[in-house]
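Here's the letter readout for the chains.
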Amino acid sequence: MGAVNAVQFVGAGPGAADLLTVRATRLLAQADTVLYPGSYLDPEVLESCSPTAHLVDTQHLNLDEIVAQIVGAHHGGQRVVRLVSGDTSLYSAVSEQTRRLDAAGVPWEITPGVPAYAAAAARVGRELTVPLVAQSVVLTRTQARSTAMPDTESLAAFAATRA
């Protein structure tokens, strides 16, 4: 773990508090300020936070308001955790936030979470790749109001690969 007092982006995993990584629970316990996505997060995940931590539910905040909270807490000397649902590498808006933090001169680090697709495979007792059946996995989503999908990434195009 590199930068001193870097803002920590932490993946909350697939929703179960007992599927947080050891690093995630340690960072939450040490944080002075935790910003979390209330609409996507099991409240038990927040039990890893210090009882004195300032908790900020971001579900009704826009990106600029979220970043302002992060920057303000960081400049106030706070240890800040930005908790994201799932894993930081998928659909987490981390890149939009880190670009703004870079512009503000605020250091940051990322701690990935357990990805939901791994938890789902475990839950049903299956692996995602099976010899002679499927050796590729496509991670995608359908069109959402907030995020446009490239035409080349339609469900039909991915289905054609039989992955």
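Further up the page is the structure itself.
Structural notes, computed from the coordinates.

## Regarding the overall build of the protein chain
Thinking step 1. Along its length, the protein chain carries five helices and five strands.
Thinking step 2. Reading the protein chain from its N end, one meets helices and strands in the order β-α-β-β-α-β-α-β-α-α.
Thinking step 3. Across its three principal axes, the protein chain shows a C-alpha extent of roughly 55 × 35 × 30 Å.
Thinking step 4. Burial statistics for the protein chain: of 163 residues in total, 34% are counted as buried.
Thinking step 5. Taking as baseline every contact in the protein chain between residues at least 6 positions apart, the subset at least 24 positions apart corresponds to 64%.
Thinking step 6. Of the roughly 9,700 Å² that the protein chain leaves accessible, carbon and sulfur atoms contribute 54%.
Thinking step 7. Charge-centre separation for the protein chain: the mean point of 11 positive side chains lies 5 Å from the mean point of 15 negative side chains.

## Regarding the nonpolar core
If you look at soluble globular proteins, the nonpolar side chains tend to sit buried side by side.
Thinking step 1. Residues Leu 28, Leu 41, Val 81 and Leu 83 are the most contacted members of the largest nonpolar core, which totals 16 residues.
Thinking step 2. Counting residues per element, the ones that place at least two in this core are helix H1 (22-30), strand E2 (33-36) and strand E4 (80-84).
Thinking step 3. Top contributing element to this core by residue count: H1, with three residues.
Thinking step 4. Leu 41 has contacts with Ala 12, Tyr 36, Leu 46 and Leu 83, leaving out every residue within four places of it along the chain.

## Some points on the environment of Ala 29
Thinking step 1. In this structure, Ala 29 sits in helix H1.
Thinking step 2. Separated by ten residues in sequence, Ala 29 and Leu 19 have C-alpha atoms that sit 16 Å apart.
Thinking step 3. Sequence-distant contacts of Ala 29, defined by excluding residues within four places in its chain, comprise Ser 48 and Ser 50.

## Some points on the side chain of Gln 8
Thinking step 1. The topology assignment puts Gln 8 in strand E1 (residues 7-11).
Thinking step 2. The exposure class assigned to Gln 8 is buried, which follows from its relative accessible area of 7%.
Thinking step 3. Engagement of the side chain of Gln 8 in a polar contact is seen with the backbone oxygen of Ala 6, the distance being 3.3 Å.

## Focus on unusual backbone geometry
Thinking step 1. A positive phi angle, close to 65°, is found at Leu 132, a residue other than glycine.
Thinking step 2. Tracing the sequence through the fold places Leu 132 in the loop between helix H4 (116-124) and helix H5 (155-159).

How each quantity is defined
- Residues numbered from 1 in each chain as written.
- Predicted model: local features only at pLDDT ≥ 70, side-chain atom pairs only at ≥ 80, totals over all residues.
- Heavy atoms only, no water.
- Helix = DSSP H or I, 4+ residues; strand = E, 2+ residues; numbered from the N terminus.
- Buried < 20%, exposed > 50% of the residue type's maximum accessible area, 1.4 Å probe, protein only.
- Contact = heavy atoms within 4.5 Å.
- Areas by Shrake-Rupley, 256 points an atom, 1.4 Å probe, with all protein chains shown as cover.
- Lys, Arg positive; Asp, Glu negative; His and termini not counted.
- Charge placed at Lys NZ, Arg CZ, Asp CG, Glu CD.
- Core = buried A, V, L, I, M, F, W, Y, C linked by side-chain atoms within 4.5 Å.
- Polar contact = N/O pair within 3.5 Å; in protein donor to acceptor, adjacent residues only side chain to side chain.

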